[in-house]
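Letter by letter, the chains look like this.
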Amino acid sequence: MNPEKTDQYMKDHFVDNPYLAHETRIKKIIDETAHVKTFVMENIDGQYNPAFDFIPGQFAIWSLPGIGEAPFSYSCHGDSENKEMQFTIHKIGSVTSAIFKYQVGDIVEIRGPYGNGFPMDSLIDKDLIFIMGGIGAAPLRGVLHHVLEFSESYGNICVLHGAKTPQDMVFKEEFLGLAGHETVRCLLTVDNIPEDDSWEHSVGVVTDLFNQNRYDDIDPSKTIAMICGPPIMYKFVIMELEKLNIPQDQILMTLERRMKCGIGKCGHCAIDGEYACTDGPVFNYWDAKSTKEMI
Ligand SMILES: Cc1cc2nc3c(=O)[nH]c(=O)nc-3n(C[C@H](O)[C@H](O)[C@H](O)COP(=O)(O)OP(=O)(O)OC[C@H]3O[C@@H](n4cnc5c(N)ncnc54)[C@H](O)[C@@H]3O)c2cc1C
Ligand code: FES
């Protein structure tokens, strides 16, 4: 993104200092797995907080004074009054370990929203395939929540979700509950199961699920696929989607890069002239493919 584009982005997205973090209160903490928690955040009454005004696929940056900052995707779709937001966080290093010490009622400094998010309007009337691996389920869960709330505006929905083990699978119960929706099909898989586990779903990588789904009636021209997961997953998932003849600009994906500023200034997330923070993190495969080292 060139400097002019970056400045326009700032004008379009922020009325005040885009680096400014706003105080946000932890309303609820949900244990998803041993290493993943969902933090439900609420606005502090009377205070303007732009971080609540987001679309799925965007991200916010948590600022922990004296420890550091880290970007996290919104894992919900927000409510119409922007009073709540959720983040699903994997404990992996210093910032996330400090976040895991927070309790309900604690105040956190959060800045955002940043990035482009999913093009929600272009999903209307389409059949949707969600392909997610591990913590990659977080940003896609926001899209899924939105689509389920307005399901009459969308076609068939297929969710393919993979994790290392049943114990590592985030949103497992929530996704299994999707079976009640007439238009939704959800298939779960894990790489490994402990011997004594009562796992009743697939074992194998997420691309194995493509063999189990019924694609005979798929119309590639009206299907959009969305991918988020570990980097290794993208190449193989795209190979499966190409077998289904889904056009490259109808394959959407979130791409994570190490980020600092989140607003197109520091250059940490630059890839071949594009900034993952402002040009992304959501890209379509057609655009991502033409950018060196993107996938
Ligand atoms: C746009 C975006 C959205 C994200 N959304 C989420 C989310 O919803 N939930 C979530 O749990 N995490 C998410 N992440 C990743 C998260 O920001 C990092 O895991 C976080 O910075 C870790 O901070 P830390 O200080 O705890 O760990 P660190 O000490 O910074 O890192 C621990 C280890 O993780 C590696 N690492 C850290 N960040 C990345 C990265 N971006 N890519 C590859 N390796 C990395 C480091 O190399 C190191 O090995 C997102 C990242 C981006 C860029
Ligand atoms: S994170 Fe600074 S330019 Fe993208």
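Structural data are supplied above this passage.
Model, not experiment: these values are computed from the prediction.

*Asks:* Sorry, what's going on with unusual backbone geometry here?
*Replies:* Excluding glycine, most residues fall at negative phi; most peptide bonds, likewise, are trans. Cis geometry is found at the peptide bond from Gly112 to Pro113, where omega equals 0°. The omega torsion of the bond from Gly280 to Pro281 falls at 10°, within 30 degrees of zero and hence cis. Phi at Phe171 takes a positive value of approximately 60°, unusual for a residue other than glycine. With respect to the helices and strands, the residue Phe171 is situated in the loop between strand E8 (157–163) and helix H4 (172–176). Judged by the 25 C-beta atoms lying within 10 Å of it, Phe171 falls in the buried class. Even without glycine at this site, Asn245 takes up a positive phi of about 65°. Here Asn245 lies in the loop between helix H5 (231–243) and strand E12 (251–254). On the basis of neighbour count, Asn245 is assigned to the exposed category, with 11 C-beta atoms found within 10 Å.

*Asks:* Help me understand the sheet that holds strand E5 (residues 84–90), please; the structure alone is not making it clear to me.
*Replies:* The strands that make up a sheet pair up through hydrogen bonds in the backbone, lying either parallel or antiparallel. The antiparallel open sheet is built from 6 strands, whose spatial order is E4-E3-E6-E1-E2-E5. Two strands in the sheet have a free side with no partner beyond their single neighbour: strand E4 (68–73) and E5. Within this sheet the neighbouring strands show an average axis-to-axis angle of 40°, counted without direction. Where strand E1 (residues 22–31) and strand E6 (residues 107–114) come together, 4 bridges link them in antiparallel fashion. Across the sheet, Thr24 pairs through a bridge with Val108, a residue of E6.

*Asks:* I would appreciate a short explanation of the site of ligand 1 in the present structure.
*Replies:* Ala70, His90, Gly93, Val95 and Thr96 are the nearest of the 21 residues found near ligand 1. Tallied by class, the residues present in the shell around ligand 1 amount to 11 nonpolar, 7 polar and 3 charged.

*Asks:* Could you clarify how one ought to interpret the sheet that holds strand E11 (residues 223–228) in this entry?
*Replies:* Strand order across the open sheet formed by 7 strands is E10-E9-E8-E7-E11-E12-E15, with mixed pairing between neighbours. Edge positions in the sheet fall to strand E10 (202–203) and strand E15 (282–284), since each of these pairs with one other strand and no more. Alignment of E8 against strand E9 (residues 184–190), held across 7 bridges, turns out to be parallel. Bridge pairing in E9 places Val159 opposite Cys186. Along the sheet, helix H3 (residues 137–149) makes contact with strand E7 (127–133), E8, E11 and E12, crossing E7 at roughly 155°.

*Asks:* Teacher, can you tell me more about the pairing of E11 here?
*Replies:* Regular strands place their side chains on alternate faces of the sheet. Among the 6 residues that make up E11, 6 are buried, leaving the element largely enclosed by the rest of the structure. With burial as the criterion, each face of E11 is covered, one bearing Thr223, Ala225 and Ile227 and the other bearing Ile224, Met226 and Cys228. Note that E7 and E11 share 6 bridges and pair parallel. Pairing of Leu128 across the sheet is with Ile224, part of E11.

About the thresholds
Residues numbered from 1 in each chain as written. Chains lettered and ligands numbered in written order. Predicted model: local features only at pLDDT ≥ 70, side-chain atom pairs only at ≥ 80, totals over all residues. Helix = DSSP H or I, 4+ residues; strand = E, 2+ residues; numbered from the N terminus. Buried ≥ 20, exposed ≤ 12 C-beta atoms within 10 Å, placed from the backbone. Pairing = 2+ DSSP bridges. Axes fitted to C-alpha atoms, helices over the stretch in contact; angles between N-to-C directions. Near = placed C-beta within 6 Å. Nonpolar A, V, L, I, M, F, W, Y, C, P; charged D, E, K, R; others polar. Contact = placed C-beta atoms within 7 Å.

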